[in-house]
Every structure is written in structure tokens, then in C-alpha cells.
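Chain residues, written in single-letter form:
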Amino acid sequence: MPHSRDREDLAAFILRLRSERITEPRLLAAIEQVPRRLFVPGEVPNAYADGALPIDCGETMYGARFAVGLVHALKVEDHARVLEIGTGSGYVTALLAKLAARVFSLDRYKRLLRKADERLRGLDLLNVVLEQDDGRSGYITGAPYDRIIVHAAFPEVPRAFLEQLASQAYLICAVGPGDGEQQLVRLQKVGSRFEREDLRTVRYQPLASGIAETL
């Protein structure tokens, strides 16, 4: 049963986004159409609050403002093919699915993928392909992509993703040491190189290797 305050919390959240100049109509519509309550732990009083939240398999999900900020920075167009590495709860996946033509989302954990699949199907979001994979080499099956987002950090710019990106496409990920602050960067493919824009300082976990055999 949705929390009785969810509608009020959503309205306040949308007003906050507008005040911060996140006003793209398609994104705001997606936020309204994807109930965040379905994705957060049941005991959380405000589904649209800031701050990371624990989910299964020892993982976490972003606070609402940060999650929406990532999707906004990705500049997803309606024809886009998107690769997401790190499905997690599936909330960002759901927003991407509302905005893009096709989404390919990878995660190391079967349990997270199973629960995300249930949530996405419950919202009739059928343009998503979920795969158990660590994503270190991207996902050549769905390439080329117009957008790639990686919810993890690389020690340096991940040039291995260049060949899976379409011309002028964007990649968002964190770049920096695994044990300290990193820069969240937006990289645009221009020919055989990336043009880099630093978005903000973050602390992400390094991109893990291999899949979980039991979870």
C-alpha cells in the first residue's frame, strides 16, 4: 500500500526540481509515472528524500534527487538505445525506460535483477532487457548505444566503451581512485576520442568484476 504522504512528497519533489531548473517535460512526466515507493525499502517514510538507501545484496540505491540528476544529465532522447551498468533497485532503469526506445541494464546479482524485472513489468515497461553481467566490457549485443550510464567508478576514462557508443553519444560514469573522491563525468564520443565534462564530486564503489553465483 503506497504511503499516504507519497502524493504530497512527489509534488514537493517536483517543485524542488523546477526550482533547480530541471524542467524538461518528458523527464518530469516520467518521474510522475514511476512511483518511487515501489523501489524503496518499505520502512522509508519519504520515498522522495535525499540520501542513499540500503537494498538487497549489500547494495544501495541513490536518493531521489541524485537519481533524477543522473538521468537529467544523460540527456536521453526518445529514439535512444541506452546501456545501464548497475540495475540495483531498477528505479533509474524505469525512468530511462520511460524516456528511451530501448534500455539494456546489467547487474551482478540475480536477486536484484529478478526484483527489478517484477517492478518494471508491473509498470508495463517492456522495452528493457535485463542481463546478469558485471558490465566491465559493456554489452556488445545491444550496441551501438546512444547513451551509457555506469553506476560505479573507473580508475581512468574507460576507453573500452568507445566502440560501443554511437557517434556524438554520451557516457556518464565516475573516474578516480576507488578509495577516495572521484569526479562524476559526462563523456561525449567525438571521432575516436572522448570530450570530458566534470559534473560533480562523488564517492562510488569501483566497478566489480564477475557475477554473484548465489545471490
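Residues numbered from 1 in each chain as written. Predicted model: local features only at pLDDT ≥ 70, side-chain atom pairs only at ≥ 80, totals over all residues. Heavy atoms only, no water.

What to know about the nonpolar core
We count it as follows: Note on terminology: a nonpolar core comprises buried Ala, Val, Leu, Ile, Met, Phe, Trp, Tyr and Cys residues joined through side-chain atoms within 4.5 Å. A 1.4 Å probe rolled over the protein chains alone gives each residue an accessible area, and that area as a share of the maximum for its type sets the label: buried under 20%, exposed over 50%, partly exposed in between. Helix and strand assignments follow DSSP, with helices taken as H or I runs no shorter than four residues and strands as E runs no shorter than two, numbered in order from the N terminus. We call two residues in contact whenever any of their non-hydrogen atoms come within 4.5 Å of each other.
If you look at the biggest cluster of nonpolar residues, it comprises 53 residues, and the most contacted ones within it are Ile31, Tyr91 and Leu96. Among the elements of the structure, helix H1 (6-19), helix H2 (25-33), helix H3 (64-74), helix H4 (91-99), helix H5 (110-122), strand E6 (145-154) and strand E7 (165-175) are those that each provide at least two residues to this core. Other than its neighbours up to four places away in sequence, Tyr91 contacts Ile31, Val34, Arg36, Phe39, Met61, Ala67 and Val68. One finds Leu83, Val150, Ala166 and Leu187 within the second-largest nonpolar core, a separate group that totals 24 residues.

Considering unusual backbone geometry
Pro144 follows Ala143 through a cis peptide bond whose omega is 5 degrees. Within the secondary structure, Pro144 is located in the loop between strand E5 (128-132) and E6. The residue Cys57 is not glycine, and still its phi comes out positive at about 65 degrees. Position of Cys57 relative to the elements: it lies in the loop between strand E1 (53-54) and strand E2 (60-61). The backbone phi angle of Lys75 is positive, close to 55 degrees, even though this residue is not glycine. Tracing the chain through its elements places Lys75 in the loop between H3 and strand E3 (81-85). On the accessibility criterion, Lys75 (40% relative accessible area) is partly exposed.

Considering the sheet that holds strand E8 (residues 182-190)
This is how the line gets drawn: In this description, strands pair whenever DSSP reports at least two bridges between them. Helix axes are fitted only over the stretch in contact, all axes being lines through C-alpha atoms; the angle between N-to-C directions runs from 0 to 180 degrees.
With mixed pairing, 7 strands are arranged side by side in an open sheet as E5-E4-E3-E6-E7-E8-E9. Where the open sheet ends on each side, the last strands, each with one partner, are E5 and strand E9 (193-202). Across this sheet, the average inter-strand angle for adjacent strands is 15 degrees, counted without regard to direction. Note that E3 and strand E4 (residues 102-107) share 5 bridges and pair parallel.

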